[in-house]
Amino acid sequence: MKSTDSLLISLYQKGDEEALSTLIHRHQRELFTFILYKINDQDLANDIFQDTFIKIIVMLKEGRYNEEGKFILWAKRIAQNLIIDYFRAKAKNIKVSETTFENDEFSIFDLIREPSENIEDQLVSLQIQEDLLKMLQFLPENQQEVIKLRFFDGLSFKEIADHTDMSINTTLGRVRYALINLRKIMEENNIVLTR
């Protein structure tokens, strides 16, 4: 029988290193995908992924894991905070650079221009994704899975069908119903996910 995350955490806190290894192995793909999706940089995602597990280990050893929900959601919150810290630090460095090159011929923004969103937009995106993840918890598990695979992992409908051993029609149906349910949740709770 597969051990629950709670049991593995308890075993690890009592000194069973193997339990931690099982826990990490169980969740590493989902956590790494979550980080990579948010920052879109493989090397940086690896660094934040490592930092996340170091922080998790420290917090577990200090007994600072409280059973408020699923382990993976707790782990993602830690990763999210590290990502936000990274963007904040980056924003501070940019401000320093601007004043340094203020009187030069070129704009410092030529050197640091982001190909996609600026820092504020990225933080807003992180918040939107966090809100969306909270709402997903209200969906049936099979709908949660297809939404995560489609919109967070970026899989095609065919890839989702292969991954879940479902037909493409079933996959499309589940995504459709999940989106309808998410809309209802948003309307009932007055949630807006736009900028």
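Looking at an unreviewed UniProt entry, one finds the chain named RNA polymerase subunit sigma-24 and attributed to Chryseobacterium piscium. What the UniProt record of the chain gives under Sequence similarities (unreviewed entry) is the line "Belongs to the sigma-70 factor family. ECF subfamily."

Another aspect to go through is the pattern of salt bridges. The final tally for this structure, using the stated rule, is five salt bridges. A salt bridge links Lys61 to Glu17, with the shortest nitrogen-to-oxygen separation between them at 3.9 Å. With Lys61 in helix 3 (residues 42-61) and Glu17 in helix 2 (residues 17-39), this residue pair connects regions lying 44 residues apart in the sequence. The class of Lys61 is exposed, set by a relative accessible area of 56%. Here Glu30 ties to Lys76 by a salt bridge, and the two come within 2.8 Å at their closest N and O atoms. One end of the pair, Glu30, is in helix 2; the other, Lys76, is in helix 4 (residues 71-100), and 46 residues separate them in sequence. On the accessibility criterion, Lys76 (6% relative accessible area) is buried.

This part is about the packing of helix 7 (residues 141-152) against helix 9 (residues 168-188). For the pair helix 7 and helix 9, the least separation of the axes is 9 Å and the interaxial angle reads 100°. Of the possible angle classes, the one that applies to helix 7 and helix 9 is roughly perpendicular. Where helix 7 approaches helix 9, its residues Asn142, Gln143, Val146, Ile147 and Phe151 are matched on the opposing element by Arg174, Val175, Tyr177, Ala178, Leu179, Asn181 and Leu182. Residues that form the contact of helix 7 with helix 9 fall into these classes: eight nonpolar, three polar and one charged.

Considering only enclosed or pocket space, the largest pocket measures out at about 860 Å³ in volume. In this structure, the largest pocket is lined by 24 residues; those nearest its centre are Glu30, Lys70, Ile72, Lys76 and Lys148. Contributing elements (two or more residues each) for the lining of the largest pocket: helix 2, helix 4, helix 6 (119-136) and helix 7. No other element matches helix 2, which puts seven residues into the lining of the largest pocket. Across the lining of the largest pocket, the residue classes break down as eight nonpolar, five polar and eleven charged. Structurally, the lining of the largest pocket is a two-domain feature, drawing no fewer than three residues from each of domain 1 (3-91) and domain 2 (107-187).

We now examine the packing of helix 8 (residues 157-164) against helix 9. Helices that pack against each other are described as a pair by the angle of their axes relative to one another and the distance between those axes. Look at helix 8 against helix 9: their axes get within 9 Å of each other, and the N-to-C directions meet at 105°. Here helix 8 is positioned roughly perpendicular relative to helix 9, judged by the angle of their axes. Packed against helix 8, whose contacting residues are Phe157, Lys158, Ile160 and Ala161, the element helix 9 presents Ile168, Thr171, Leu172 and Val175 at the interface. Of the residues that constitute the contact of helix 8 with helix 9, the class distribution is six nonpolar, one polar and one charged.

The rules behind these values
Residues numbered from 1 in each chain as written. Predicted model: local features only at pLDDT ≥ 70, side-chain atom pairs only at ≥ 80, totals over all residues. Heavy atoms only, no water. UniProt positions renumbered as here; feature names shortened; annotations may be inferred. Salt bridge = Lys/Arg side-chain N within 4 Å of Asp/Glu carboxyl O. Helix = DSSP H or I, 4+ residues; strand = E, 2+ residues; numbered from the N terminus. Buried < 20%, exposed > 50% of the residue type's maximum accessible area, 1.4 Å probe, protein only. Axes fitted to C-alpha atoms, helices over the stretch in contact; angles between N-to-C directions. Parallel < 35°, antiparallel > 145°, perpendicular 65-115°, else oblique. Contact = heavy atoms within 4.5 Å. Nonpolar A, V, L, I, M, F, W, Y, C, P; charged D, E, K, R; others polar. 1 Å grid on protein atoms, 1.4 Å probe; cavity = no way out; pocket = protein on both sides within 12 Å on 5 of 7 lines; lining within 4 Å. Points joined across faces, edges and corners; volume = space filled by probe spheres on them. Domains from an automatic or database assignment.

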